[in-house]
Amino acid sequence: MPRPIYAEIDAQALTHNLKRVRALAGNREVWAVVKANAYGHGLDNAVKAFEGAEGLATIDLDDAARARSYGWTKRILLLEGFFDAADLEPLAQLNVETIIHSDWQIAILKASGVSPVGVHIKVNTGMNRLGFAPDDVNRVKAELAAIPGVTILSIVTHFANAEPSYLAEKPTSVSKQLTRLSPAMDGTVPGCMANSAAILWRPEVEGTSVRAGVALYGVSPDHHVTSEELGIIPAMTLAARIIAVQNVAEGETVGYGARWTAKRPSRIAVVACGYADGYPRTMPDGAPTWVNGKIAPLVGAVSMDMLEIDITDIPDADVGSLVELWGKNLPVNRVAQACGTIGYELICALALRVPLTLKA
Ligand SMILES: *Cc1c(COP(=O)(O)O)cnc(C)c1O
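Residues numbered from 1 in each chain as written. Predicted model: local features only at pLDDT ≥ 70, side-chain atom pairs only at ≥ 80, totals over all residues. Heavy atoms only, no water.

**Comments concerning the overall build of the chain**
For step 1, the next point in the chain: A count of helical and extended segments in the chain gives 13 helices and 18 strands.
For step 2, the next point in the chain: Expressed as lengths along the three principal axes of its C-alpha atoms, the size of the chain is roughly 75 × 45 × 35 Å.
For step 3, the next point in the chain: Taken over 360 residues, the chain has a buried fraction of 51%.
For step 4, the next point in the chain: Here the contacts in the chain between residues at least 6 apart in sequence split such that 64% fall between residues at least 24 apart.
For step 5, the next point in the chain: When the accessible surface of the chain is summed, it comes to about 15,600 Å², and 53% of that surface belongs to carbon and sulfur atoms.
For step 6, the next point in the chain: Measuring between centres, the 32 positive side-chain charges of the chain sit 3 Å from its 38 negative side-chain charges. (Helix = DSSP H or I, 4+ residues; strand = E, 2+ residues; numbered from the N terminus. Buried < 20%, exposed > 50% of the residue type's maximum accessible area, 1.4 Å probe, protein only. Contact = heavy atoms within 4.5 Å. Areas by Shrake-Rupley, 256 points an atom, 1.4 Å probe, with all protein chains shown as cover. Lys, Arg positive; Asp, Glu negative; His and termini not counted. Charge placed at Lys NZ, Arg CZ, Asp CG, Glu CD.)

Below, the structure is given as structure tokens:
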């Protein structure tokens, strides 16, 4: 018997979410973002489920090679571009397009003589992470256009604050970024601006393509809005079984550091999921899990391979019962919030040792 933990990936949810994103994207093309093992869902599963997308976007050439080996023949884009001159040969061989965000990349392209290569110019409009200043874009275009074999395919920017709850704090941030972008958009090169949040909430962000990540996996980019409200379906359900039950007397503690103390005689279930599976050790007492239709609170510190929950009020839960850590019944954003992070981090950090089971 394998250890009783798995992440079920719902293939129909993935394809449904792609349809939903496509409807919101209008006539813009859809790059399905599949970095971090398709946000933990398995690159192979994503390649199949997103076959209707125009392209895959990732950050690792190795992903591109794997996607090709799974049969992906359409476009692939490296969102951070190449990292080294040695990347250019496989880039051309695999027919992968690349972001250009810095002058050092242009210098490598000039020196390499490797071609052909399709490039996308990244513009920093206020995220202040990757990209050229808007004023530099004409110079960058001219330099790239002069390199034999290089084709400029789009102008790309990335929003810092397209989520409604971020925007509530900084209401002008998207419009400020769009204003800064406008001198770089002279109508000759297509634009690729929107991430999931901008696709969902900022219809004024136009362009000819979008880069959809978290929404494709059925997770809301903003934890104040549910997946249901957005018409998307969570595709990952992380579940593990109860492998032991302890009857704990009042005053006894549970787990490392004796963090949690029973205030009443308690039935404590031991679940086969720990921080080595990607369930954060920072999760506090009271964090929700879901078992037999009810919420069971986490009690005590998460161990490497196990965690404990209080099932005193769920008498039908017992050894063998399946506990949902997050998924269709328990939104990953709600779980993430309990330990001060976002759903993105939990799904992406799912450990490789957790088997992915595909539900067709
Ligand atoms: C990860 C990423 C995306 C996708 O973001 P979501 O919020 O998951 O939709 C889009 N663009 C870039 C540059 C990214 O790195």
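So that's the structure; there's more coming.
**Topic: the layout of surface pockets**
For step 1, the next point in the chain: Taken as a whole, the largest pocket encloses approximately 580 Å³ of empty space.
For step 2, the next point in the chain: As for the largest pocket, its lining consists of 27 residues, and the residues nearest its centre are Lys35, Tyr39, Arg129, His158 and Asn195.
For step 3, the next point in the chain: Going through the elements one at a time, helix H2 (35–39) and strand S9 (209–212) are the ones with two or more residues in the lining of the largest pocket.
For step 4, the next point in the chain: Its residues assigned to classes, the lining of the largest pocket shows 17 nonpolar, four polar and six charged.
For step 5, the next point in the chain: The computed volume of the second largest pocket comes to approximately 390 Å³.
For step 6, the next point in the chain: Lining the second largest pocket are 25 residues, with Thr226, Ser227, Pro234, Pro331 and Val332 sitting closest to its centre.
For step 7, the next point in the chain: With four residues, helix H12 (residues 332–338) is the single largest residue contributor to the lining of the second largest pocket. (1 Å grid on protein atoms, 1.4 Å probe; cavity = no way out; pocket = protein on both sides within 12 Å on 5 of 7 lines; lining within 4 Å. Points joined across faces, edges and corners; volume = space filled by probe spheres on them. Nonpolar A, V, L, I, M, F, W, Y, C, P; charged D, E, K, R; others polar.)

**Examining unusual backbone geometry**
For step 1, the next point in the chain: Following Ser115, the chain continues into Pro116 via a peptide bond in cis, with omega recorded as 0°.
For step 2, the next point in the chain: With a phi close to 50°, Tyr39 is a non-glycine residue in the positive phi region.
For step 3, the next point in the chain: Mapped onto the secondary structure, Tyr39 falls in helix H2.
For step 4, the next point in the chain: Judged by its relative accessible area of 6%, Tyr39 falls in the buried class.
For step 5, the next point in the chain: In this structure, Asn292 is a non-glycine residue whose phi angle is positive, near 50°.
For step 6, the next point in the chain: The residue Asn292 is located in the loop between strand S14 (288–291) and strand S15 (294–297) in this model.
For step 7, the next point in the chain: A relative accessible area of 32% places Asn292 in the partly exposed class.

**As for empty space enclosed by the protein**
For step 1, the next point in the chain: Scanning the model with the defined rule gives one cavity of 30 Å³ or more in all.
For step 2, the next point in the chain: Roughly 30 Å³ of internal volume is contained in the largest cavity.
For step 3, the next point in the chain: Along the walls of the largest cavity sit Leu88, Leu91, Ala92, Leu109, Ser112, Val114, Pro116 and Val117, which together make up its complete lining.
For step 4, the next point in the chain: Among the elements that take part in the lining of the largest cavity, helix H5 (residues 88–93) stands out by supplying three residues, more than any other.
For step 5, the next point in the chain: Per-class residue counts for the lining of the largest cavity are seven nonpolar, one polar and no charged.

**Some points on the environment of Leu346**
For step 1, the next point in the chain: Position of Leu346 relative to the elements: it lies in helix H13 (residues 343–348).
For step 2, the next point in the chain: Owing to a relative accessible area of 2%, Leu346 belongs among the buried residues under this scheme.
For step 3, the next point in the chain: Those residues in contact with Leu346, other than ones at most four positions away along the chain, are Pro280, Trp326, Val332, Val335, Ala336 and Thr341.

**Overview of the sheet that holds strand S4 (residues 75–78)**
For step 1, the next point in the chain: The eight strands lie next to each other as S2-S3-S4-S5-S6-S7-S8-S9, forming a closed barrel whose pairing is parallel. For this sheet the average axis-to-axis angle between neighbouring strands, irrespective of direction, equals 30°.
For step 2, the next point in the chain: Where strand S2 (residues 29–33) meets strand S3 (residues 55–58), three bridges bridge the pair, whose relative direction is parallel. Looking at S3, one finds that Val33 is bridged to Ala57.
For step 3, the next point in the chain: Across the face of the sheet, helix H4 (residues 61–69) comes into contact with S3 and S4 while running at roughly 165° to S4.
For step 4, the next point in the chain: Seen against the sheet, helix H7 (residues 137–145) touches strand S5 (97–100), strand S6 (117–122) and strand S7 (150–156) and runs at an angle of roughly 155° to S7. (Pairing = 2+ DSSP bridges. Axes fitted to C-alpha atoms, helices over the stretch in contact; angles between N-to-C directions.)

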